[in-house]
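# A look at the structure
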Amino acid sequence: MTALRSPRSRFAALAHVTCAALALLGADSAAAEPQGEAAIRAVLSGGAEAAGGAQPGCVFGAFEKGRMVRLVTQGEADLSTHRALDADTLFYGASLSKQFTALAAATLVVDGKLALEDDVRRYLPELPAYAHPVSVGMLMHHTSGIRDFLSLLRLAGMEDVGKASRAQALDLLFRQQDTAFAPGSAYSYSNGGYLLLAEIVARVSGQSFADYAREAIFRPAGMPNAYFLDNANPVAGTFAHGYLPEGDRFVVRDTFPRFSGSGGLMLSMADLAAWEREVAQGGAVWTPAVAEILLTPGRLVDGRVIDDGKGLAYGGGLHIGRKGGERIVTHGGSAQAFKHAYLRLPDRGQSFALLCNRGDWKASATLEKALDAADVRRPGMPEMPASGTYHSEELNADYTLAREGEGLAVTIASPLVESPRVLHFAPEDDGVFHAGPMRLAPTRDPARLTLSRGRSGELVLLRGDERKTR
């Protein structure tokens, strides 16, 4: 495989991408609290030490209303040259690519050149005529039954799938005489479906998928570094190598396919900063019509909304739904030596991303730790009520709350008990605190809580002197 020319040469107008990335940070980044950054940096270092102290790491970005408000980098992009990770470091995006593949297809749908209801054989006649037709929307929503091409490559004997070409992967998909299940009857995450979706984009647009994505997405969105691989290696020195620990050192594992669709996106945190601004402000790419396609949950042929097995639905390359009553948009990216996580919280106007070039960590868990270090309430976690005493007139009881880690120590006192009782409430994904069958829920009013047990119905707790004024 040959090397792609540097993405920076494609974006001559954005030659000084480091400066552009820093400009996106705004004044909030410069004023970021050092203590908070130190805590996040400690999470990103993980405490693991490689020979000589050098190790790969992560880039963490936090966004509010499309504006980057925090950037923390830790570790090296290349352990041999000690090139540090920064906002412009390109990472192999793995499945973070899928929202941009779906986005490319959505732009063609909005332009009237493609329809989600179309039979994919209209564009891919090489596929066998299955008993039940596969639609474009089924590819996007992982309900097609199209087999995963990475699994097929490995079943065909290829240990390092990074050596496969796009043509080889497509040939295996076109050889499949049946789908894994009746199309539209189930949800099953498939890299094969997204490879076919990218091929459809290429054929409908009349351009290579990489070229179309550059012209229709990356350039108009002002993403300075991003591009899709097109059967070529990324340029040496422009991207982060992936690493795995081996004994007391880290070894390079750049074992990823050099073509795109299900993966293949090369992007930096500066690119995500530009994309978050585009999503927050709308504009050339993220239009209401495009957003509706990506954020509408897919359905099975019987009308049921897709369940991804984790309590969320699946839209266009994004897991979507609610946690604890809060809207959530998320997706991960995982290759052998790259682990990434992306989280958008529309109700708060906040987004968070983590790009890592080490394969021994779980990105979602690392992102959660980084959010805790940044003192950000994770989705599904209830708001922490203020410590103090709350009273229930209906119970004639006082509940005194004290923070206890992520939970609450609650002391209950009433004329019915000789000595106060202490219960320990833990937060759960439904957005409230639980102690066995008892539930303690914050409300929009910080001086008001609700209390229930089983099907007792909700009782009101008012804090301190607030009850005297109500």
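Provided above is the structure to which this section pertains.
This write-up is about the structure you can find in this document.

Scoring rules and cut-offs
- Residues numbered from 1 in each chain as written.
- Predicted model: local features only at pLDDT ≥ 70, side-chain atom pairs only at ≥ 80, totals over all residues.
- Heavy atoms only, no water.
- Helix = DSSP H or I, 4+ residues; strand = E, 2+ residues; numbered from the N terminus.
- Rg over C-alpha atoms; globule rule 2.2 N^0.38 Å.
- Buried < 20%, exposed > 50% of the residue type's maximum accessible area, 1.4 Å probe, protein only.
- Contact = heavy atoms within 4.5 Å.
- Expected span 1.5 Å × (residues − 1).
- Polar contact = N/O pair within 3.5 Å; in protein donor to acceptor, adjacent residues only side chain to side chain.
- Pairing = 2+ DSSP bridges.
- Axes fitted to C-alpha atoms, helices over the stretch in contact; angles between N-to-C directions.

Another point: the overall build of the protein chain. A tally of regular secondary structure across the protein chain gives twelve helices and 22 strands. Scaling as 2.2 N^0.38, a compact globule of 470 residues should have a C-alpha radius of gyration of about 23 Å, and the protein chain matches this with 25 Å. With the C-alpha coordinates aligned to their principal axes, the bounding extent of the protein chain is approximately 80 × 55 × 45 Å. Across the 470 residues in the protein chain, those meeting the buried criterion constitute 54%. Of the contacts formed within the protein chain by residues at least 6 apart in sequence, a portion of 63% connects residues at least 24 apart.

Look at helix H8 (residues 191–205): 21 Å from first C-alpha to last across 15 residues, which is about the 21 Å you get at 1.5 Å a residue. Here H8 lies mainly inside the structure; twelve of its 15 residues are buried. On its buried face, H8 sits against helix H4 (98–110), helix H5 (136–141), helix H6 (149–155), helix H7 (166–175), helix H9 (209–218) and strand E10 (313–314). The N-cap of H8, judged by a side-chain oxygen 3.2 Å from the amide nitrogen of Gly192 a few residues on, is Ser190. Looking one or two places after H8, you find Gly206, whose phi comes out positive at around 75 degrees.

Moving on: the sheet that holds strand E1 (residues 58–64). With respect to topology, seven strands assemble into an open sheet ordered E2-E1-E14-E13-E12-E11-E10, the strand pairing being antiparallel. Two strands close off the open sheet at either side, each with one partner strand: strand E2 (67–74) and E10. Where E1 and strand E14 (residues 350–356) come together, seven bridges link them in antiparallel fashion. Across the sheet, Phe60 pairs through a bridge with Leu354, a residue of E14. Against the sheet, helix H10 (residues 269–281) contacts E1, E2, strand E13 (338–345) and E14, and its axis sits at roughly 15 degrees relative to E1. Contacting E1, E13 and E14, helix H12 (residues 363–373) runs over the sheet at an angle of about 55 degrees to E13.

The next point concerns the environment of Arg166. Following the sequence through the fold, Arg166 ends up in helix H7. Residue classification places Arg166 among the buried positions, given a relative accessible area of 12%. Here the alpha-carbon distance between Arg166 and Ala115, two residues 51 residues apart in the chain, equals 24 Å.

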